Amino acid sequence: MWRIGHMRRMMCRVCNHTQINAMVTSPEGPGPDQGARPGRVRTPAMPAGLPDAGRDDDGTARPAAGYSPRSSGTPSSGAPNSGQPSLNPIIHTRLTTPALTGGFDLLGPVFTREVIHLRCAAPAGLEDGPWMGAAVRGALGRVLEERAANGGAGGRPDPFNRPSAFAILFQTQAMLTRRLEVPRPWRLRVQRRGRSLTVEIALYGFAGYWAPAVADALVEALAAGVSLRALGRMRVPWPVEALEIRRITGLPTLPDTRLPDTSRPLVLDIETPLALKAGGALAGHLDNLPMMLADRASGLARWHDIAIAGDFSALRTASRRLRIQADGLIPDRWERRSGRLAGRIIPMAGFRGRLILQDLDPAFALPLAIAADAHLGQGATAGLGWFSVSED
């Protein structure tokens, strides 16, 4: 195993992005009263994050037993996954009582993501497939969890007691409704192109503060080794060749900078398996697609300090006008091994292909554009649910 520690980095401000020569070190970052670099979200002092009680079959963390917005304190063992009720009150308050309230149009201009783009050489014998996202996610989670348990990278505790990157990426921080969690503020993409692999993580809203720490941990995780195939036990390093972190603000739109024109049929080309429900189901759930788009955008808005206010009953009524045509959908099935469930093998499923949307209500145009960047359905943090939008 090799580990990239405190290496010299070159900051190059071109077109509002940061290019890193060598690798990013995991930062303690400036204090709440110290100057942050331009454009960086300032984060006040925060206690440790909320532990989870394991993960569902799709890899999503579940809140710990006894979770309550009134809970406080840190796990007795000091580890973020000890199972004791614990809550980061500042993060929870920021997500449940955001500063701004408005419609989806309020989110569009400020929709921000810190994009970590990493290129590495594909190791010999690597089998391509949708399993790679979960494998990279698991490798990243192991490094972040170890760092959180040790008080941070290099065993140095954060001087302002801010939550760890592990808590932000892998643990429940608040509920959007009684049954719906505020989503994890990130998504993952793993793509093979010939002899190269690209790994991309986007952190949304104020979660972007943790981008350097996530980038540093990702480099260490790939260096420590990732499987060569689904269910593989042997881990082989994925040699890192380049890394870039850049900030993007504004909506992901069509090439001519417009939102999708809902008066025309819209084509969704599904790049990685889409599962609207656990188990990979699409049938019986496609009618819910517009409201899933709205829920996704509404949840990510909380990480931008925005509460989406609107008539969701009217939205649901409008969503029923949508007509969906499936064009050449192909089922994808694979298996993954759960490290948190003692190596239990978990079946995974989804669909790739094309969906054609007709008569989509204009109110869903912006949530659709956001989901094209942030993914949709189960497993967004494992690379699933990635699609592109075009007009027919």
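Residues numbered from 1 in each chain as written. Predicted model: local features only at pLDDT ≥ 70, side-chain atom pairs only at ≥ 80, totals over all residues. Heavy atoms only, no water.

Time to look at the packing of helix α3 (residues 131-149) against helix α5 (residues 211-224). Packed helix pairs are characterised by how far apart their axes lie and by the angle those axes make with each other. For the pair α3 and α5, interaxial distance at closest approach is 8 Å and the crossing angle is 115°. For the element pair α3 / α5, the angle class is roughly perpendicular. As α3 runs across α5, the sense of the crossing is right-handed. Listed contacts from α5 to V136, A139, L140, V143, L144 and R147 of α3 are A213, V214, D216, A217, L218, E220, A221 and L222. Of the residues assigned to the contact of α3 with α5, the class counts are 11 nonpolar, no polar and three charged. (Axes fitted to C-alpha atoms, helices over the stretch in contact; angles between N-to-C directions. Helix = DSSP H or I, 4+ residues; strand = E, 2+ residues; numbered from the N terminus. Parallel < 35°, antiparallel > 145°, perpendicular 65-115°, else oblique. Left-handed = near helix turned anticlockwise from the far one by under 90°. Contact = heavy atoms within 4.5 Å. Nonpolar A, V, L, I, M, F, W, Y, C, P; charged D, E, K, R; others polar.)

For the rest of this paragraph, the subject is the packing of aromatic side chains. Tallying each qualifying case throughout the model produces five aromatic pairs. Taken together through their ring pairs, the aromatic side chains of F166, F170 and W186 make up a single cluster. Its end group placed over the ring of F206, R94 keeps NZ or CZ at 3.8 Å from the ring centre. (Phe/Tyr/Trp six-rings, centres within 6.5 Å; stacked < 30°, edge-to-face > 60°. Lys NZ or Arg CZ within 6 Å of the ring centre and 35° of its normal.)

Our next topic: the side chain of E391. Among the structural elements, E391 can be located in strand β16 (residues 387-391). Polar contacts involving the side chain of E391 include one to the main-chain amide nitrogen of D261, which spans 2.9 Å. Side-chain polar atoms of E391 contact the side chain of R264, separated by 3.1 Å. (Polar contact = N/O pair within 3.5 Å; in protein donor to acceptor, adjacent residues only side chain to side chain.)

With that settled, consider helix α1 (residues 89-96). An α-helical segment advances 3.6 residues per turn. Residues three or four places apart therefore align on the same side. Of all the residues in α1, the buried ones are I91, H92, R94 and L95. When α1 is viewed along its axis, its buried side chains cluster within an angular range of 165° and face the same direction. (Buried < 20%, exposed > 50% of the residue type's maximum accessible area, 1.4 Å probe, protein only. Arc of directions from axis to C-beta.)

Here the focus is the confidence of the model for the protein. Overall, the prediction assigns the protein a mean pLDDT of 78, with 73% of residues at 70 or greater. The secondary structure element of the protein with the lowest average pLDDT is strand β1 (residues 11-14), at 32, and the one with the highest is strand β13 (residues 306-308), at 97. Considering only residues more than four positions removed or in separate chains, one finds that residues 1-86, a stretch of pLDDT under 50, has 226 contacts. (pLDDT = per-residue confidence, 0-100.)

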